[in-house]
Amino acid sequence: MNKKKTGLALAFAAFAAITAGSGLAAADPAGPPQYRQLAGVGSDTTQDVMNGLADVVTVNGQKVLGSYDATGSATITTKNPATNPNCTIPRANGSSAGRTALLSSLQNGNGCLDFARSSSLNLGAASPGLTYVPFAIDGVSYAVTPGSSIPRKLSMADLKAIYHCDPNYVGAGPNYDLTVYLPQAGSGTRSFWQSQMGITESDVVAGVYPCIKDKKGTAPVQEHDGRVLDDKSIVPFSIAQYQAQSSQTIADLRGRAILGTVEGVAPTVLNTGFGVKRDVFNVIPTAKVTTSPWSDAFVGPDSGICKQSALINTYGFATNPNCGDITKQTP
């Protein structure tokens, strides 16, 4: 691995132009109306862009999306207690947690949740069936500090060696030269990054890669929070989240984090050209793909969400040419 440290110039100018005056995104929906027809939980990566979309997507003139943040109070109330008294539920942090919470609500038939945010694709069996509806494209790079011993330009081979705890990169254990972080369990970014690094969740949990940590001290590593980093650590980071934090469109949790260049491609605001990229999704019940308001908000290129490409770009995501597609369904 080339140890030479090089500068990284991020392309902020265009992003700043489209985000000027946008202000910080709202958090949990507070109305009007306070309780929305479609309540969703899950991914940290897409919570802010979905919060923004919830403020502009309407059906018959009414806001219908209620997007609840991944972190905050221990519980959330997603429906009016007067009509749905059992919808004060645990907050779901991450794509897997969001999917699980949605399935639980559907299986219980309580109407508390109607969609889930997901930054990863999981087409394993689900009952009832789920449809992953893409709406944007994100890139994922690695984050380090300006004074890091880790170069700001790496190849995929370098990154895989780091996440496989190669002693030529991370030093010898048990006191490794580098702290190799993954986000908290259940994170879609964690799942996606593992797939890119060629490692599995089961092996990480089993300690096959002992240099990898998902906690700092006793606190779980929350995805897209660069304050976890010191000069000897590395963590995956959504490019869209980084750019939106940089522009103050959303709360800035970057700390000293800067993003690295992968395979010679710098992480820039619209990430269709970045090698490590992913679709991001809203997950809805397959049984509802033709039912309003799910169909109005999520399904097809003319859906309420897909019409908001400029707003999606404002949050650092690229427009997805397959926005609204409903072919990705669980068995």
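Residues numbered from 1 in each chain as written. Predicted model: local features only at pLDDT ≥ 70, side-chain atom pairs only at ≥ 80, totals over all residues. Heavy atoms only, no water.

Colleague: How should I be thinking about the packing of helix H4 (residues 156-163) against helix H6 (residues 188-197) in this particular structure?
Modeller: Two quantities define a packed helix pair, namely the angle between the axes and the distance from one axis to the other. Here H4 crosses H6 at 110 degrees, and the two axes come no closer than 9 Å. Classed by the angle they form, the pair H4 and H6 counts as roughly perpendicular. Residues Met156, Leu159, Lys160 and Tyr163 of H4 touch H6, and the partners they reach there are Trp193, Gln196 and Met197. When its residues are assigned to classes, the contact of H4 with H6 shows five nonpolar, one polar and one charged. (Axes fitted to C-alpha atoms, helices over the stretch in contact; angles between N-to-C directions. Helix = DSSP H or I, 4+ residues; strand = E, 2+ residues; numbered from the N terminus. Parallel < 35°, antiparallel > 145°, perpendicular 65-115°, else oblique. Contact = heavy atoms within 4.5 Å. Nonpolar A, V, L, I, M, F, W, Y, C, P; charged D, E, K, R; others polar.)

Colleague: Before we go on, may I ask you to explain the packing of aromatic side chains in this structure?
Modeller: The geometry of an aromatic ring pair comes down to the distance between the two centres and the angle between the two planes. All chains considered together, the criterion is met by four aromatic pairs. For the ring pair Phe237 and Tyr242, a centre distance of 5.6 Å and an interplane angle of 80 degrees mean the geometry is edge-to-face. Note on Tyr242: relative accessible area 3%, which makes it buried. Taking NZ or CZ as reference, Arg254 lies 5.1 Å from the ring centre of Tyr242, over its face. (Phe/Tyr/Trp six-rings, centres within 6.5 Å; stacked < 30°, edge-to-face > 60°. Buried < 20%, exposed > 50% of the residue type's maximum accessible area, 1.4 Å probe, protein only. Lys NZ or Arg CZ within 6 Å of the ring centre and 35° of its normal.)

Colleague: Quick question: what am I supposed to make of the state of the cysteines here?
Modeller: In protein structure, a disulfide is the covalent linkage between the sulfur atoms of two cysteines. Per the stated rule, a full pass over the model turns up three disulfides. For Cys87, the disulfide goes to Cys112, at an S-S distance of 2.1 Å. Note on the Cys87 and Cys112 pair: the S-S dihedral is about -85 degrees, so by sign convention the disulfide is left-handed. Here Cys112 lies in the loop between helix H3 (95-108) and strand E7 (115-118) and Cys87 lies in the loop between strand E5 (75-77) and strand E6 (88-90), a separation of 25 residues in the sequence. Neither residue differs from the other here; Cys87 and Cys112 are each classed as buried. Disulfide partner of Cys165: Cys211, at an S-S distance of 2.1 Å. A torsion of -90 degrees about the S-S bond marks the disulfide between Cys165 and Cys211 as left-handed. (Disulfide = S-S within 2.5 Å.)

Colleague: Looking at this model, I keep getting lost on the pairing of strand E1 (residues 38-42). Mind explaining?
Modeller: Two faces make up the sheet, and in a regular strand the side chains alternate between them. Taken across its five residues, E1 has five buried, putting it largely inside the fold. Bridging between E1 and strand E4 (residues 65-67) involves three bridges; their strand directions are parallel. In the strand pairing of E4, Gly40 is matched with Ser67. When E1 meets E7, the two strands line up parallel, connected through three bridges. Among the inter-strand pairings, Gly40 is bridged to a residue of E7, identified as Phe115. (Pairing = 2+ DSSP bridges.)

Colleague: I keep staring at the nonpolar core and nothing clicks. Help me out?
Modeller: One recurring pattern in soluble globular proteins is that nonpolar side chains are buried together. Tyr142, Leu159, Tyr163, Val180, Trp193, Ile212 and Ile234 are the most contacted members of the largest nonpolar core, which has 40 residues in total. At the level of secondary structure, the elements contributing two or more residues to this core comprise strand E8 (130-144), H4, helix H5 (167-170), strand E10 (179-181), H6, strand E14 (233-238), helix H8 (239-246) and strand E15 (258-259). Take this core: its biggest share by element is five residues, from H4. Discounting chain neighbours no more than four positions away, the residues touching Tyr163 are Val180, Tyr181, Leu182, Trp193, Met197, Ile199, Tyr209, Ile212, Ile234, Val235 and Pro236. Membership of the second largest hydrophobic core comes to 30 residues, among which are Leu53, Val57, Ala244 and Ile305. (Core = buried A, V, L, I, M, F, W, Y, C linked by side-chain atoms within 4.5 Å.)

Colleague: Help me understand the side chain of Arg190 in this model?
Modeller: Considering the arrangement of structural elements, one finds Arg190 in helix H6. Classification of Arg190 as buried rests on a relative accessible area of 3%. Of note is the side chain of Arg190, whose polar atom sits 2.9 Å from the side chain of Glu201. Not counting chain neighbours up to four residues away, the residues in contact with Arg190 comprise Leu182, Pro183, Gln184, Ala185, Glu201, Val204 and Asp214. (Polar contact = N/O pair within 3.5 Å; in protein donor to acceptor, adjacent residues only side chain to side chain.)

Colleague: Could you clarify how one ought to interpret helix H2 (residues 47-54) in this entry?
Modeller: In an α-helix, one turn spans 3.6 residues, which is why side chains three or four residues apart end up on the same side. Most of H2 sits inside the fold, with eight of its eight residues counted as buried. Within H2 the residues assigned to the buried category are Gln47, Asp48, Val49, Met50, Asn51, Gly52, Leu53 and Ala54.

Colleague: Just to check I follow, could you spell out unusual backbone geometry for this structure?
Modeller: Keep in mind that most residues, glycine aside, have a negative phi and that most peptide bonds are trans. A cis geometry characterises the amide bond from Ser127 onward to Pro128, with omega recorded as 0 degrees. The omega torsion across Ser292 and Pro293 is 5 degrees, close enough to zero to call that bond cis. Within the fold, Pro293 resides in the loop between strand E17 (277-285) and helix H9 (294-298). In this structure, Cys165 is a non-glycine residue whose phi angle is positive, near 60 degrees. Mapped onto the elements of the fold, Cys165 is located in the loop between H4 and H5. Look at Cys165 and you get buried, because its relative accessible area is 10%. Notably, Gln248 is not glycine yet its phi reads approximately 65 degrees, a positive angle.

Spatial relationships are all this shows, so hold off on functional conclusions.
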